[in-house]
Amino acid sequence: MTSTTDPTDRHPMTHPTHPPTHPRIQAPTPPALDLAGVGHRYGTTEVLDSLDLQVEAGSFVAVVGASGCGKSTLLRLLAGLDRPTTGRITVDGAGPDDLRRAGRVGWMAQRPALLPWATVRDNVAMARRIRAATEHPTDPVPSVVDLLTIVGLAAFAGSRPAQLSGGMQQRAALARTLAQDAPLWLMDEPLAALDELTREALADDLVAIWQRVRPTVVWVTHHLGEAVALADRIVVLGPRPARVVADLTVDLDRPHDATSPAAQAIVRDARAALATAAIHARAGVALGGAR
Amino acid sequence: MTRQAVAADHRAAADRARTIDPSAEVAVAARRRSGRLARLGGVALLVCLVAAWEVGVDLAGTPVWIVPAPSDVAMALRDGLGGLAEAAVVTLGEAVAGLVLGTATGLSMAIAITFFRHLEQAVLSVALLAKSTPIIAVAPILTIWLGFGHGPKVVVTALLTFFPMLVNALEGFRSVDPAIEDWFASVDADAVTVFRHARWPSSWPFLFTALKVSAPLAMIGAVVAEWMGASGGLGRSMWLAYTNLRMPDLFAAVVVLTGLSALTYHLVTVAERAALASRRA
């Protein structure tokens, strides 16, 4: 591959273990999101149906719903990767494209999407390079080694993704997101492909990092336990074409204990909302599609 | 808890990277043994065929100017080795030059199409036209235009080899993992960055597949062009032997050509293995 050195990486290769408690990471002002009557269709398939949703700046919102209900589509719209068929999305008053064009949207999907032929260091450095094109030269930036230390991968900087476990690959993807210094994180079930122990460990670290960096996070999942463990707020989407069927606040002390009675109550509410929406949708189909 | 899980995770990955499972080793050895057996079987079959040919020609009393016996061919090979080697060098040189030209052309076309989608129809139509024209019809015309030198051989070879590279490279550049494409889109990476870091490395297996087709094809291209008139090369040796009904010489040239084609294929395979291994290390 090409050159492995990153101009912003001031601690090459043999860097002593950096205290992870001194990260110089700080996201710039996180954006507020506003979706007004957003609908989307692929061909004749209606995926989203006039969705209204406001997301506060710096909040952690989980979007839950059954598989295929349009959660991922919502995320693509927020990232500006697709355009809504109807309605309007604003990110701090501007279109979602503006933030993406500045390289400021953190995007993590179920698969880590690392470049298999590049080392972990190069994968993270790539995000930093793309980001560097839009940043102020005086902005304080953490080095790639710092970022890998934060996610616990400092010893694996020279490894290729295939040499890492699934959890470690997602950690590398997280370091890449951090390298972008992104004030908005769009997460499409990034823990879904991991085993339970790895998932819990990574989720804990993610929340810790989120609390330090404080970006606005939209976290898509179909796992209600995960949603209540991570998010401040859970938005429940009904079956396709999706609309918001419940909007629940997770008013718990961090770290959230997903097994606490309060958390379980929220999970029950979300499950009830999903079940009701599914029954309504089936009834609608039974009545000849009239909704 | 978190730290422990991370440590366990690290250990698992380190194990994966370092440990060799003894049962896996046994399996590898078994596979190697069965591979060797298969190769021995191939050689045995070849020996049987050659022996049957020798005996068959002898029993039937077939004249040597129709079907020479393998022993005649071996003799011709031994007697004409100097001339055949000289001819092989000429043909190999033309084939390599044509292959380089064809590969460069095919690759450039694929890159152009990748960056400028609207060129696709036009470029592919012209390429298909060039590919579909019978080379046997084009070669004499090129000989009239460009003479008996190396020029027409190189052009014919390039005409024959650019197309496999074009279609495979195009396919390769488009074979990027959609998740990786999404990530690049999410950071609004420009087309050059995406090409350099995703499309180009993704295409390697496709490029080697193209070379495996086009490298032996290059030998054929050069020889066909030499048949149409040349001052040297295996094609000329074959033509001379053919017009004088010296069948053992003709067969000897064919044996050399076949060997060279197989060798070029093998070289591409070795290069492929080395290239793909280099980025796994």
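Residues numbered from 1 in each chain as written. Chains lettered and ligands numbered in written order. Predicted model: local features only at pLDDT ≥ 70, side-chain atom pairs only at ≥ 80, totals over all residues. Heavy atoms only, no water.

With that out of the way, let us pick up the sheet that holds strand β9 (residues 244-249) of chain A. Residues and elements named next belong to chain A. If you trace the six strands from one edge of the open sheet to the other, you get β5-β6-β7-β3-β8-β9, paired in mixed fashion. The open sheet has two free edges, formed respectively by β5 (105-108) and β9, since each of these has just one partner strand. Recorded for the sheet is a direction-independent mean angle of 15 degrees between the axes of neighbouring strands. Of the strand pairs in this sheet, strand β3 (residues 60-64) and strand β7 (residues 216-221) are connected by five bridges, and their pairing is parallel. Each residue of the ladder has a partner; that of Val64, found in β7, is Thr221. (Pairing = 2+ DSSP bridges. Helix = DSSP H or I, 4+ residues; strand = E, 2+ residues; numbered from the N terminus. Axes fitted to C-alpha atoms, helices over the stretch in contact; angles between N-to-C directions.)

This brings us to helix α7 (residues 151-173) of chain B. Across its 23 residues, α7(B) extends 31 Å between first and last C-alpha, which sits within 8% of the 33 Å expected from 1.5 Å per residue. For α7(B), the buried fraction is high: 17 of the 23 residues fall into the buried class. (Expected span 1.5 Å × (residues − 1). Buried < 20%, exposed > 50% of the residue type's maximum accessible area, 1.4 Å probe, protein only.)

Turning next to the pairing of β7(A). Residues and elements named next belong to chain A. Of all the six residues making up β7, six are buried; the element is thus mostly covered by neighbouring parts of the structure. Pairing geometry for strand β6 (residues 184-188) and β7, over five bridges, is parallel. Following the sheet pairing, Leu184 is matched in β7 by Thr216. In this fold, the crossover linking β6 to β7 by way of helix α6 (residues 196-213) has right-handed handedness. (Right-handed = clockwise from strand over helix to strand, strands pointing away.)

Residue and element names in this part refer to chain A. Confidence in the prediction for chain A averages 81 pLDDT; 85% of positions are at 70 or higher. Across chain A, the secondary-structure element scoring lowest on mean pLDDT is helix α2 (residues 96-101), at 82, and the one scoring highest is β3, at 93. Here residues 1-23 is a poorly scored stretch, pLDDT under 50, and it has 33 contacts once near neighbours within four places are set aside; other chains count. (pLDDT = per-residue confidence, 0-100. Contact = heavy atoms within 4.5 Å.)

Attention now goes to the domain arrangement of chain B. The figure often quoted for interface size is the accessible area lost as the parts come together. All names here are of chain B. Here chain B is described as being made up of domain 1 (1-61) and domain 2 (65-280). Of note, the centres of domain 1 and domain 2, computed from C-alpha atoms alone, are 29 Å apart. The interface is formed by four residues belonging to domain 1 together with six residues belonging to domain 2. When residues of domain 1 are sorted by the area they lose upon contact with domain 2, Trp53, Glu54 and Val57 head the list and together hold 92% of the total. Where domain 1 packs against domain 2, one counts zero salt bridges. Linking domain 1 with domain 2 are two residue pairs in polar contact (both at pLDDT 80 or more), by the criterion used here. For the side of domain 1 that touches domain 2, the per-class residue count stands at three nonpolar, no polar and one charged. (Domains from an automatic or database assignment. Buried area = accessible area lost by both parts, 1.4 Å probe. Salt bridge = Lys/Arg side-chain N within 4 Å of Asp/Glu carboxyl O. Polar contact = N/O pair within 3.5 Å; in protein donor to acceptor, adjacent residues only side chain to side chain. Nonpolar A, V, L, I, M, F, W, Y, C, P; charged D, E, K, R; others polar.)

Tallying the contact residues gives 29 residues for chain B and 37 residues for chain A. Here chain B and chain A share an interface that buries about 2900 Å² over both sides, 60% of which is from carbon and sulfur atoms. Linking chain B to chain A there are four salt bridges. As a salt-bridge pair, Arg101(A) and Asp188(B) come within 4.0 Å of each other at their nearest N and O atoms. Every element with two or more residues in the side of chain B that touches chain A is listed here: α1 (2-18), α8 (178-186) and α9 (191-227) of chain B. Of the residues in the side of chain B that touches chain A, the class split is 14 nonpolar, seven polar and eight charged.

Residue and element names in this part refer to chain B. Enumeration according to the criterion identifies ten aromatic pairs over all chains in this entry. Ring centres of Phe173 and Trp200 lie 6.3 Å apart, and the angle between their planes is 35 degrees; on these two criteria the pair is classed as tilted. One end of the pair, Phe173, is in helix α7; the other, Trp200, is in helix α9, and 27 residues separate them in sequence. Taking relative accessible area as the criterion, Phe173 reaches 0% and is therefore assigned buried. (Phe/Tyr/Trp six-rings, centres within 6.5 Å; stacked < 30°, edge-to-face > 60°.)

Here the focus is the sheet that holds strand β4 (residues 86-91) of chain A. All names here are of chain A. Across the sheet, three strands lie side by side as β2-β1-β4; this open sheet has antiparallel pairing. The outermost strands of the open sheet, each flanked by one partner alone, are β2 (45-55) and β4. Pairs of neighbouring strands in the sheet enclose a mean axial angle of 25 degrees, with direction left out of account. Relative to β2, strand β1 (residues 33-42) is paired through seven bridges, and the arrangement is antiparallel. The partner of Tyr42 across the bridge, within β2, is Thr45. In this fold helix α1 (residues 71-79) packs onto β1, β2 and β4, with an angle of close to 120 degrees to the strand it touches most, β1.

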